[in-house]
Structures are given as C-alpha cells and as structure tokens.
Amino acid sequence: MRVSYNWLREYVPVKQSPTELAELLTMAGLEVDEIIDLGASYRDLVLGEVAAIERHPKADQLYLCRIRLNDGEVSVITAAPNLSVGDIVPIALPGSTLPDGKIIQPTEFFGIVSQGMLCSEEELGLARKSEGIMVLPAGTDLKADLPTVLGLDDYVLVLELTPNRADCYGMLNLAREVAALTNTKITLPEDPVAEIEPSVADLVTVEVLNPDLAPRYAGRVLLNLKIGESPLWLKTRLLAAGMRPINNLVDLTNYVMLEFNQPLHAFDLNKMEDRKILVRSARQDESIITLDGEERKLHPGQLVIADAAQAQCIAGVMGAFDSEVTSSTQTIFLESAYFAPVSIRRTAQELAIRSEAAIRFGKGLDPETVPLALNRVASLAQQLGIAQTAKGIIDYNTQPVPTRKIWFRPEKINALLGTELEATYMKTIFQRLNFQIDGDNAEGKTYITPPSYRLDIENEADLAEEVARIYGYNEIPVTYPAAQIIGKRTPQQEFTDKTRNILLGLGLSEIITYSFHGEKMFDRLNIPEEHPLRQTVKMKVALSEEGSLMRTTLLPGVLESLSYNASRNRHDLQIFEIAHVYHPKAEAGELPDEPLHLAGGLSGRVSELGWNQSNREVDFYDGKGVLETLLSHLRAKGVSFRRGEHPTMHPGRTAVVEAYGRQIGFVGEIHPAVKKEFNLTAPVVLFELNLDELWQTAEKEVISVSPLPKFPPILRDLAFLLPEKVAAKDLINLFYEIGGDKLEAVNLFDVYQGDKIPAGYRSLAFSLTFRIPDRTLQDEEVNLLMEKIINTATQRFKAQLRA
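It should be emphasised that the depicted structure is a prediction, and the values quoted were computed from it without experimental measurement. One numbering rule holds for all chains: residues counted from 1, following each sequence as written. Local features in this predicted model are restricted to residues of pLDDT 70 or higher, and side-chain atom pairs are both shown and tallied only at a pLDDT of 80 or more, whereas totals for entire chains, interfaces and linings draw on every residue. Remark: hydrogens and water are excluded; side-chain values derive from all non-hydrogen atoms of the structure.

(A) How the structure looks around the overall build of the protein. Elements are defined by DSSP. Helices are runs of H or I of four residues or more, strands are runs of E of two residues or more, and each kind is numbered from the N terminus. A count of helices and strands for the protein gives 21 helices and 39 strands. For the radius of gyration, the atoms used are the C-alpha atoms, and the globule rule reads 2.2 Å times the number of residues raised to 0.38. Computed over the C-alpha atoms, the radius of gyration of the protein is 38 Å, more than 25% above the 28 Å expected from 2.2 N^0.38 for a compact globule of 803 residues. Considering the protein as a whole, with its 803 residues, one finds that 48% of them fall into the buried category. Contacts are assigned to residue pairs that have any heavy atoms within 4.5 Å of one another. Looking at the protein alone, contacts between residues at least 24 apart form 69% of all its contacts between residues at least 6 apart. As displayed, the protein offers around 41,000 Å² of accessible surface, 50% of which is attributable to carbon and sulfur atoms. Residues counted as positive are Lys and Arg, residues counted as negative are Asp and Glu, and His and the chain ends are not counted. Where a charge lies is defined by one atom per residue type, namely NZ (Lys), CZ (Arg), CG (Asp) and CD (Glu). Looking at the protein, you have 82 positive and 110 negative side-chain charges, and the mean spots of the two groups are 5 Å apart. Burial classes: relative accessible area under 20% of the type maximum marks a residue as buried, over 50% as exposed, and values in between as partly exposed (1.4 Å probe, protein chains only). In these tables, accessible area is a Shrake-Rupley quantity obtained with a 1.4 Å probe, and a residue counts as shielded only by the protein chains included in the view.

Quick look at the structure:
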C-alpha cells in the first residue's frame, strides 16, 4: 500500500514529518517499509519559456526552439507541433536524468546540436500517451521547482499491511487511523450529487440471481460522458499510489477505489444486451474475452456479471473486452458491490488473474462503503465535467451485516495487557477510533460496537489490542510470564541440536533454503525419470513454475547456495542444512511423510590461504571425514560406508552410508555434468543423511568410561599388495575378527600405487595396536595372531605380504 503524505494531509492535519509519521504508524502495527521522495525523479529537470520557434533548415518535421531559462538560454530541437512563443515547458538539460532513468546528452540533428530535450507528459510518466510537449500554466515562475509545479513535491509511505488490516488499503480508513493516533479530527469529503432525468430504473434492469456470492450489489448510471485527459492533480495522486493515468473516467474510478478501498467497474450500457445486468454464476462451458485480450474458460461456481446474452465481467476480478468503455461511450452503468471474499480469491486463483480489484475483494471489504463510493464518483464526475448522473441508485442489500457488540470489561483488558488503565481513558481511545459505546442497557453492561470497516474486531482480545496500539506498546511495562510448566526439548530434538553444534564446531556454516522447487531441478540434478526422488508432493496453488514441488532432497538448496556464492567469486565454502523433505503417501489425500534430513557441501580449498596452511582442495575423503567425526560424536552404532552410486554424484567417487544394512545417506564428489549445470568450477563434495534413521542408531544410555591403560601396547605394521577391488574396510574387519579383544586399534597409514606395483593392484599399509587391560601381552601371543592374519588375508583376498 502506497500512501501519499500530501493526500493524507487533505483529510488529517498531520504535523509530524513523513519520517515521524512512519515511526508512529509502525509502532501502532501498520509497518512502514519504505519512504519514497516522489519528487526526486523530477528535480534534475527545469522550467523554460519558449522565446522563439522556427523550422529546422534541413528537416521540415523538426522545429528549432530558443528556450529562455532562469539563468540563460539554450537551443532545443523538437518534433512537437503544439508549441507557441511564451509557453512554459519542462526541459531536461544535458546530464540530467528523466524519471524513466534515461540520461540526456547533447544530440545533433542535421548539423544543429540540441542542448536538451523538451518533455511531454508521457516522458514525465504522467500519461500513457501524449501528442506533444507538456505546456504548464501561463505565468509559472521559471525559478519554481518542477515537482512543486506538477504537484509531485510529495513523499510516499510504503506500508506492509497485515491481512487483518485490509481496511487500511483505503486512504480514508488510514486517515481515520492517523487521526486516532494523533488525537486530531478527520475531514471527510462531501459528495453532493445533482441528479437528472431519466431515472436509473428507466435505463437499466438489474437482477441479482446469486445473492450468496453477491450480498450487496449497487449501481448508478452516468450520462453524457466526455472521455478525455485527467486533470494534473488526479494524475499525480495516481502516480503517488503507483498507478499510471489512463483517462478521466478510469482515473476517477481508480482514485475512488484508493480513497474508499472499494473497487468499481464501468460498463458501456449501450453494449449491454437489452440493457440488462444479471449477477449470476457462470454456465457450463461459458467463456469470456477479458480486458487483457485473453479468452478465459469459466465454470459453474464462478460469479459473473452478464447481460441478457453473455458474461460481460468476471465479478470482482476483470471486465470483458466487449463492454469496455471507449472514447465513444456516452452512457455507463457504474457498478459497486460487495462480493464474497472466498469466491473472489478462488476465482482469481483458478483463472491466474491478479488484478487490483481481485486483491481487495479477496481480502474482504466493508459492505457499507458500496453506495458511498458510487456517490463519490458521481459527485467528482460532475465537478470535473465528465458526466451527469441519472436519477436514483440501485442497491440490492440482500444480506445486511449484523452489528457486532462486544462486552467491554476494563479489568479484562488490563489483565490481558498487564496495565492499570482507567476505564474512562479506554473509552476515550475507542471514541478516537470511531467505536460506539453503549452503556445504557437493562443488563447494566457496557458494549463496544466497532465501525463497519473494522472487520478485524470480533472479541475482547481485539479491544485490548486497540487499547495497546493507541496507548503505545512501548508504554506497557515489561513483565515476565509466569510459566506453570517448564518446557524442554525431546531427546530427538536434543540429538538434532547436537548434530548442528558438531557441524558448526567443525567449521561448517548453516543455511536455510526454500522447501520447494520446480520440475526442472531434477534434470539439473541428473535424476532419471523413474527415480524415487521424482515422486513428489505437488502444490495445488504454486507460487511459480520454479516452486511447484515440495523437495524430496536437500541437495537443490545446497547446490543453489554454492552456485550463488561461486558467481560472486566465493568458492571456498563448507555449508550444511538440517530440514524436512517430503515424500507422498501411496494413498491419495494422506499427508506426506516428512523425514528430517541433513545435507552439506564442501567446495574449493580445505582451509583459507595462509603461510602455514596448505593449498589443498577438498576431495571425497574430506566429506567422509566430516561424517565420520559426526557419527563418532553422536555415538552412532552399526553405521558403515561402502562403495555406491547416486545420480548426482561422481561414479567411482561416491559411498553410501548404511545403518545395520539399511541405506541412510551418501557422500561423494559431485557429478561433472551437475557441476557444470550449477556453474561450479572448484571441486565440490556433497553428503546427505536421513537424521530420523540416524537417530535410531545413536546410543541413548548413559556414557560408560574406562580407566587409562596400565600396561604397554605392542605395535606391529603390515603392508599388503592387494587387488584394487579389495576394500580397506574388508581387510580391517579381518584384523578385528582374528585379533579379537587383544586388538585395540587399526590405522591405515599408507596407500600406494606406482613404481614396482603391478597394474590393477595397490599397496595398503596398516598399523596395529595390541593390548589387554589386565596384563602385559607377550610377543609370542601377538606373533601367533599376526601369522594367522597374514595367512587368512593371503587365502581370502590373495594378499601378498610386502617386506
């Protein structure tokens, strides 16, 4: 919502500066996100007076104008034929910038240099199209500030309104709010309407056939229409609100919509079959060509405004091309209505139309404003000479809104707020907010009745909120809530927090990404068509094509983050995310499974550049090392790594993570095709784990401790020549199988392939530590174990002992 500071001051005598007013509104729950200096785009431009005009000597369609400025003269060439000597015009001199961002430079036209540009209303953003240069009122001072002359010396407050305060989409309601906050009086516009014959009933027939979807429907007929340009004040009001002026009638209806928060729609009455207005549901297979030129297929349940033959408007959403008002239109039916918000939201979503009217109707409007907006348009149309008004108004109010009376208990409000405010002070606040107070009743109770436009006020808690807003949230004393139950995390939540803290301690940074993506993401990840990851939960109302599916893996967010940073020359990253993924159930209608996953990515160098740091880049073993450290600190049991595959990962450089034989994740280097797809140049290692599955493997009993060993160990080294296909893990398992409780630890300290090693083989060297807690082991005992290890390895894996 864009609020013109100057427009607001027409209703309320605001003494605060735009910045002070923004702070006041924000502290009252109406957040001001930005303050825009509306005149800033025009301050480069100056005013000039046409001193002389002559045709260009070498181009009959061009004119050479001598323009007198406040501090000199310039020569400017233009093609506009509407200028006369003495005209005051806006001019952009060389080096200045137009509102659209274009920078003006001296330009040569057939040998003569133009020292600037004379501006039309189109170039100033005041009109969609203009035929010539904008001519300002005679006598305008050349020293004057152009934004002031144009009425654009204004500030715009951009409000981020919450859904419950849709009433503040109207300038009048916002003015009421400011009046209450500043304890000043509001001046509402007066709307006298002079009516002429014939009457509305003689000109049009209106039938509301679906009152549930159109509880209130009203209209007036405007005669002898004169479509043309809007006055400058009206154009500047719309520009401040972010709308482009179109013509006087459309601009006027938009102005009143912004003022009253009541969308209006005009039908060319002569184009309506039998001059009938039917408010009904769409028929089966009915279609309509809307104002944007698109043909829309309608279906029953969607409300339309029709004539005797066909639909002429999608109610509350968009009008039809056939009944559009044009420059030749003489008579219009002006519609103002209250449509059921749920119906409008559903129709707009189904037809993928996001119009200003649909947004406002969808949020809910004040039914009492319906006839007031009609009278405001009729009154302004007469004042501006746009049209005359036929006698009478049509107003079908089939479902009047019941009065909302809320029991007023000051002690209850004080209890909710933690204050000790007097009842009389609270009543003063409600009076400032235009609430009615009824204390004269048989029950002896006091009731508060909110105004019709405050649809958000329903109960005592809402009354308390209003008191708090006007009194000031910062004036309420700070107290701590008295908690009866002390909450704590569940063991699984503590496990998740521990996982996060371990990774942060390892130097990884946590990221939070969107939980949805598009179908194309699977192609970017190299996921095959029939892969289980493509079985997704689809969003019924997608935010966009790129956000139509709930994620089944956390890799998209990790890779997008790495790619985003890489595009900004940040390649050395170590990141992770803990979040839910979503898998659909087999039966339709069931809620999806939402397992908690952990995913991460390492890219670039292992450590930052430094005189004492290596320049090594990440590889598979860095990712595996992160997971091994994590699993160790989480005390996960039965978890192992084995060579595996994943479509996003590099073949041969990937391992799957298993827990008691069940796959719970993977780790590896990125597939070259995926790396290219995400524009990554540095090495990348990725991993992902199912934390719900990992939680099942974690030891949950009290940690056991053992004393430091009293007896010395016996250390032995072994080096085997083995076929490449034999995994080091298999050999380590063999060592423990034979060594039993006498083998304390095994460490792989060397892997070698090269000179004197046959092709297809590699050398693995291990350090074995033997020790038992109750005595010193003898060399003879260890020698027997070593002999058995060597013999078994030779038989089982065709291992050859290296000297």
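(B) Spotlight on helix α6 (residues 232–240). Of all nine residues in α6, seven are buried, a share of seventy percent or more. The complete set of buried residues in α6 reads L234, K235, T236, R237, L238, L239 and A240. Buried residues in α6 make contact with β1 (2–4), α1 (5–9), α3 (146–150), β10 (155–160) and α7 (248–260). Immediately downstream of α6, the backbone of G242 shows phi near 90°, a positive value.

(C) Focus on the packing of helix α8 (residues 341–350) against helix α9 (residues 356–363). Inter-axis angles, ranging from 0 to 180 degrees, are taken between N-to-C directions of lines fitted to C-alpha atoms, where helices are fitted over the stretch in contact. Where α8 contacts α9, the two axes come as close as 7 Å, and the packing angle between them is 140°. On the basis of the axis angle, α8 is oblique to α9. You can see that α8 and α9 cross each other, and the crossing is left-handed. Touching P341, I344, R345 and A348 of α8 are A358, F361 and G362, all from α9. When residue character is reported, Ala, Val, Leu, Ile, Met, Phe, Trp, Tyr, Cys and Pro are called nonpolar, Asp, Glu, Lys and Arg charged, and the others, Gly included, polar. Residue classes in the contact of α8 with α9 are distributed as five nonpolar, one polar and one charged. With respect to orientation, any angle under 35 degrees is reported as roughly parallel, any angle over 145 as roughly antiparallel, any angle of 65 to 115 as roughly perpendicular, and every other angle as oblique. Two helices cross in a left-handed way if the nearer one is turned anticlockwise from the farther one by less than a right angle. They cross in a right-handed way if the turn is clockwise.

(D) Highlighting the sheet that holds strand β2 (residues 31–37). When DSSP finds at least two bridges between two strands, those strands are taken to pair. Sheet architecture is open: three strands sit in the order β1-β10-β2, paired in antiparallel fashion. Of all strands in the sheet, those bounded by a partner on one side alone are β1 and β2. Strand-to-strand twist of the sheet, defined as the mean angle between neighbouring strand axes without regard to direction, takes the value 30°.

(E) Broad picture of the state of the cysteines. Only a pair of cysteine sulfur atoms within 2.5 Å qualifies as a disulfide here. Enumeration over the complete set of coordinates arrives at zero disulfides. Here C119 is not cross-linked by a disulfide; its sulfur's nearest cysteine counterpart is in C65, at 13 Å. Among the residues examined, C119 registers a relative accessible area of 0% and is labelled buried.

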